[in-house]
Each structure stands twice: as structure tokens, then as C-alpha cells.
Amino acid sequence: METQEVTAAEPAQPQTPSPPLWASIREALRGSHQDYTTGNLNRAILLLAIPMVLEMVLESLFAVVDVFWVGRLGADAVATVGLTESLLSLVFAVGLGLSLSTTAMVARRIGEKDPEGAAVAGVQAIAIGLAISVLVGVPCLIYAPELLHLMGASQQIVDVGSGYARIALGGSGAIMLLFLNNAIFRGAGDAAIAMRLLWVSNIINLVLDPCLIFGLGPFPKLGVTGAALATFTGRSIGVLYQFYRLLRGTERLRILRRQIHVNMQVLLRLLRVSVTGILQFAIAHTSWIGLVRIVIFIILPSLGLSNAAATLVGQNLGAKQPERAATSVWRTGFYNMLFLGGIGVIFLIFAEPVVRLFTNDPQVIPLAAACLRIISYGNVGYAYAMVMLQAFNGAGDTVTPTIVNFFGFWLLEIPLAYFLAIHANMKSNGVFISIAVAESAIAAASIILFRQGRWKRQQI
């Protein structure tokens, strides 16, 4: 009888060979129609990870392009960008915290085959983002010079950079909405859309940056302020395109006009998850303020892989497939380890040439090269930690990563950095070593907690 049942079931689930690798890559860039809760798991990871990795690379390009052009204006202009980016890292923390809970909730509804619920969740996320944009943007617009002073800027830097800081910080709502709208697309599995709109934003920024900084053609010469205006323009146009695509709809998700209203039940549920998510990223980002920009530039693609894990977890939990969700996390963690581990090897060998791409300052080069080399030893642990923590977020459990980040960054990394740098007289190398140790410890704790499996029972 058992044999007959197995034989009868075979025609219902024919074994379809996976398409060639290049065909899958093209599909990932075009936008995939695959249901990520069924089919080949490796292919699902590939289809989600490619556009998400490229999305993170493109997001990091805004600041890199700004620094490239602003570097020709002198040290004060570069310092303005650096100090403002440090302040913006807190805005990024809020945006990332909100976006992770948005991705988790949208992905869960999509996995449950409830696109209406996913659209309602997306609208509530946008409403929260708009409110926070006003609450953060208006004070920053008014008090930008005071914030630069608070960061230790000299009066000369404040005089040069106040315009840049006002636009970059006052216009932080564009960053917030860019993150949140992309989180909606990612949660729905439409990662290619999120990637493509950042292409548009970056192309606009690439064109406008030199024009507005140096006054090329009909454009006014605004100096460092022009860099902020170019980036704000690029991001804002990207946000408008996001709204257009959300209202026009995709294969998986469409926001209808009747759904554009506040749903307090969903909004409060989203806020409840977001609060610890924001705290989680604030803990991590504040501990990293002042680190070399190149480290962040390399880490962001790895975050793209982690985002793929979060989407797969959310959708597969929604589809009542917790074991498939767990398998997707382990595999994504392994792929992320290969990526960051490979980057680490490159940095160990070519640290100084890589640093020289960004600066020729003889005092900065040895310091930055040492930073790259030492932190690279912790890349394998960091790769797994990123994926594991995002997997908890994808399940809607933002409390566990927050606790892990708090203990890892604030109770281990900072005291260890203080001890090694000052008491052990290792100076800056002690700080870099503490980062590698903390990331490895966070990875170990995350793996242990993930294996316990409580995230599988998380309701959102």
C-alpha cells in the first residue's frame, strides 16, 4: 500500500532541473517570479541575494561618490562629510530597525498568501517613516551647525559645512523612506525592484555631484553643499519611483487606494517589533562611529546576503515551513562566510594598496591598513553573525539580536578596546582586535541561540 501511494504521488511533483547559473543570475537581475517557499533552496537564495547585495553596494555608493568629489575641496570639506555621516549613522539605525520589522511582517503575510495584509503592513510602515522623518528632519535642519559643534567640529569646519549638514540631516526623511519602501519590496520578494531604483538614484547622484560642487555648465557652484543637494535629489527621486511602483503594483504586492489609511492594530504591532529593532541597530552603529568608511563599504554587500536570509525566514515561517527556513539560514551563512572570508584574504594581502585608493595621507595609511588586516581575522565570525541576527529579525524576533548586540558591543567590545588600547598599551591595534573578538563572540552566541529554535514559534 505504501509503495502504491509513493508511486501515485510522483507525477504530482515532477523533478524539474534547475536552470543554468547564468540564467538564474539574469532572472535575479530582471526580477524573479519564483515562490520562495517552494523549489530549490539554493536557487531561492541566489535569486534573492544577488539584487539585495547589489542594493547594499549601491546604497553605500552615495557616500563614496560624495567623498571622491569633495576630497578635491580640501580637508575641511572632507571632515564635514565624515562628521555628518557619523550623525547619519543614527538615522540609518532607525531606518534599518524599522525596515527589518517591515520586511519581517510583509514577508510573513506573503508566505501566508495574504497580499492584502502585506500591503496594509507596508502602508503602516510608510506612515511611521513619514512621522519620524518630520520629527528628526526639522530639528536637524534648524540645529545642524550645533550638531557639528557637538561632534567636535572647529568653527572653520562649521562655516564650510553647515549647508551640507542642513541638507543631509534635514533631508534624512529621504533615507528613511528609501529604506522602508525597499524593505516592503524585499519582504514581498521583489528585491530586483529595490536594486533598480537605487541604480536610478545613484546615476542621478553621479551626474549631479560634480555639476553642483564645481558649478559645471548651467549649475551653480555650491561646493560641499552641492554634494548634499545631489545626494538628496537622487534619493528623493528614488523615493518617488518607489511610491509609483507600490501603487502600480508588482506580481506579488500592490497598495490600493482603499488601503492607504492608518490601521492602528497593525501599526502598533509593527512599532512593537521596531522599537527593539531600532535599539539593536543603534547599539551596533554607535559603537562603530568613527571607523573607516571602506570597512562599511565592504560590509554592506554582506548585509545584502543577510537580508536574503531574513526574507526567506519570514516567507517560509508564513508558509509553515520552519525547517526550510532554518536550512536557508545555514546555507546563506555559509555563502556569506565565503564572501567575507575572501574579502578578508584580499585585505590581509593588499591592505595598503586598497587604502591608497581612498587617501594618500602618510599618517592615515598605516592606521587604516592595520585596521583592515586585524578586522579581517574576524570576518568569518562576522559573516555568520550578520546572517543569524537577520534571521531572528526575519522571524519577527528583534529582542534576541538586541540583547546579543548589547552584550557583544557594549559589555565586551568597548571594555576590551579600552583595556587593550590603554592598559595593554596596544593603542589603535587594541581597538581593532576588540572588534574582531566581539564579532566572533556575537557569532558564537547567535549560533547557539539560533539552534535552540525559539524563533520558529515567534508570532508577528
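Model, not experiment: these values are computed from the prediction. (Residues numbered from 1 in each chain as written. Predicted model: local features only at pLDDT ≥ 70, side-chain atom pairs only at ≥ 80, totals over all residues. Heavy atoms only, no water.)

> Got a minute to help me understand the overall build of the chain in this structure?
A tally of helices and strands in the chain yields 16 helices and 0 strands. Its C-alpha radius of gyration of 22 Å places the chain within 12% of the 23 Å reference for a compact globule of 460 residues. Here the C-alpha coordinates of the chain stretch approximately 85 × 55 × 40 Å along the principal axes. Per-residue burial over the chain gives 55% buried out of 460 residues. Taking all contacts inside the chain whose residues are at least 6 apart in sequence as the whole, residues at least 24 apart take part in 79%. Summed over all atoms, the accessible surface of the chain reaches about 20000 Å², with 68% contributed by carbon and sulfur. Distance between charge centroids for the chain: 3 Å, based on 31 positive and 24 negative side chains. (Helix = DSSP H or I, 4+ residues; strand = E, 2+ residues; numbered from the N terminus. Rg over C-alpha atoms; globule rule 2.2 N^0.38 Å. Buried < 20%, exposed > 50% of the residue type's maximum accessible area, 1.4 Å probe, protein only. Contact = heavy atoms within 4.5 Å. Areas by Shrake-Rupley, 256 points an atom, 1.4 Å probe, with all protein chains shown as cover. Lys, Arg positive; Asp, Glu negative; His and termini not counted. Charge placed at Lys NZ, Arg CZ, Asp CG, Glu CD.)

> I'm lost on the packing of aromatic side chains in this one. Help?
The geometry of an aromatic ring pair comes down to the distance between the two centres and the angle between the two planes. According to the stated counting rule, one finds 8 aromatic pairs in the structure shown. With centroids separated by 6.0 Å and ring planes inclined at 70°, the aromatic side chains of Trp69 and Phe214 adopt a geometry described as edge-to-face. In this pair, Trp69 is assigned in helix 3 (residues 41–70) and Phe214 in helix 8 (residues 191–214), connecting sequence segments 145 residues apart. A ring pair is formed by Phe92 and Phe179, whose centres lie 5.6 Å apart and whose planes are at 15°; its orientation type is stacked. In this pair, Phe92 is assigned in helix 4 (residues 75–111) and Phe179 in helix 7 (residues 172–188), connecting sequence segments 87 residues apart. (Phe/Tyr/Trp six-rings, centres within 6.5 Å; stacked < 30°, edge-to-face > 60°.)

> Where do I start with the packing of helix 8 against helix 9 (residues 224–248) in this structure?
When two helices pack together, you describe them by how their axes are tilted relative to each other and by the distance separating the axes. Orientation of helix 8 relative to helix 9, taken along the N-to-C sense of each, is 155°, at an axis distance of 8 Å. One element, helix 8, and the other, helix 9, form an angle in the roughly antiparallel class. Our pair here, helix 8 against helix 9, has a crossing hand that is right-handed. (Axes fitted to C-alpha atoms, helices over the stretch in contact; angles between N-to-C directions. Parallel < 35°, antiparallel > 145°, perpendicular 65-115°, else oblique. Left-handed = near helix turned anticlockwise from the far one by under 90°.)

> Would you take a moment to explain a nonpolar patch on the surface for this structure?
Where nonpolar side chains cluster on the molecular surface, the patch consists of Leu29, Leu54, Trp199, Val200, Ile203, Leu206, Val207 and Ile237 and spans about 640 Å² of accessible area. Ranked by residues supplied to the nonpolar patch, first place goes to helix 8 with 5 residues. Take Val200: it is sitting in helix 8. (Patch = residues over 30% accessible without salt bridge, like charges linked within 9 Å, V, L, I, M, F, W, Y side chains within 5 Å. Salt bridge = Lys/Arg side-chain N within 4 Å of Asp/Glu carboxyl O.)

> Sorry, what's going on with unusual backbone geometry here?
Most peptide bonds take the trans form, and the phi angle of most residues other than glycine is negative. If you check the backbone angles, Lys113 has positive phi at about 60° while not being a glycine. Given a relative accessible area of 52%, Lys113 falls into the exposed group. In this structure, Asn425 is a non-glycine residue whose phi angle is positive, near 55°.

> Would you mind going over the environment of Ala131 with me for this structure?
Following the sequence through the fold, Ala131 ends up in helix 5 (residues 115–150). The sequence separation of Ala131 and Met386 amounts to 255 residues, and the corresponding C-alpha distance is 29 Å.

> Just to check I follow, could you spell out the environment of Ala125 for this structure?
Counting through the fold element by element, Ala125 comes out in helix 5. The exposure class of Ala125 is buried, given its relative accessible area of 1%. In this structure the C-alpha to C-alpha distance between Ala125 and Leu98, which are 27 residues apart in sequence, comes to 7.5 Å. If we skip the residues at most four places from it in the chain, Ala125 touches Thr102, Leu180 and Leu270.

> Before we go on, may I ask you to explain helix 14 (residues 379–394) in this structure?
One turn of the α-helix equals 3.6 residues, which is why residues spaced by three or four share an orientation. Its 16 residues give helix 14 an end-to-end C-alpha distance of 22 Å, which sits within 8% of 22 Å, the value for a rise of 1.5 Å per residue. Counting buried residues along helix 14, 15 of its 16 residues qualify, which places the element largely inside the surrounding structure. Downstream of helix 14 by one or two residues, Gly396 has phi in the positive range, about 90°. (Expected span 1.5 Å × (residues − 1).)

> Explain the side chain of Asn379 here, please?
With respect to the secondary-structure elements, Asn379 resides in helix 14. The contact partners of Asn379, leaving out residues within four places of it in the chain, are Leu340, Gly341, Ile343 and Gly344.

> Quick question: what am I supposed to make of helix 9 here?
An ideal rise of 1.5 Å per residue puts 36 Å on 25 residues; helix 9 measures up with 37 Å between its terminal C-alpha atoms. Gly249 lies just past helix 9 and shows a positive phi near 95°.

> I tried to follow the side chain of Ser376 on my own but got confused; where do I start?
Structurally, Ser376 can be placed in helix 13 (residues 364–376). Under the relative-accessibility criterion, Ser376 is labelled buried at 8%. Side-chain polar atoms of Ser376 contact the backbone oxygen of Leu372, separated by 2.5 Å. Among residues more than four places away in sequence, those in contact with Ser376 are Gly344, Phe347 and Leu348. (Polar contact = N/O pair within 3.5 Å; in protein donor to acceptor, adjacent residues only side chain to side chain.)

> Would you mind showing me how to read the nonpolar core here?
Note that soluble globular proteins tend to have their nonpolar side chains buried in a common cluster. In this structure, Val70, Leu88, Leu98, Tyr164, Met176, Leu246 and Leu253 are the most contacted members of the largest nonpolar core, which totals 67 residues. Listed by contribution, the elements that provide at least two residues to this core are helix 3, helix 4, helix 5, helix 6 (155–170), helix 7, helix 8, helix 9 and helix 10 (264–288). When residues of this core are assigned to their parent elements, the largest contribution, 16 residues, is made by helix 4. Beyond its immediate chain neighbours, meaning those up to four positions away, Leu88 contacts Ala168, Leu169, Ser172 and Ile175. One finds Tyr384, Val387, Leu389 and Trp455 within the second-largest nonpolar core, a separate group that totals 27 residues. (Core = buried A, V, L, I, M, F, W, Y, C linked by side-chain atoms within 4.5 Å.)

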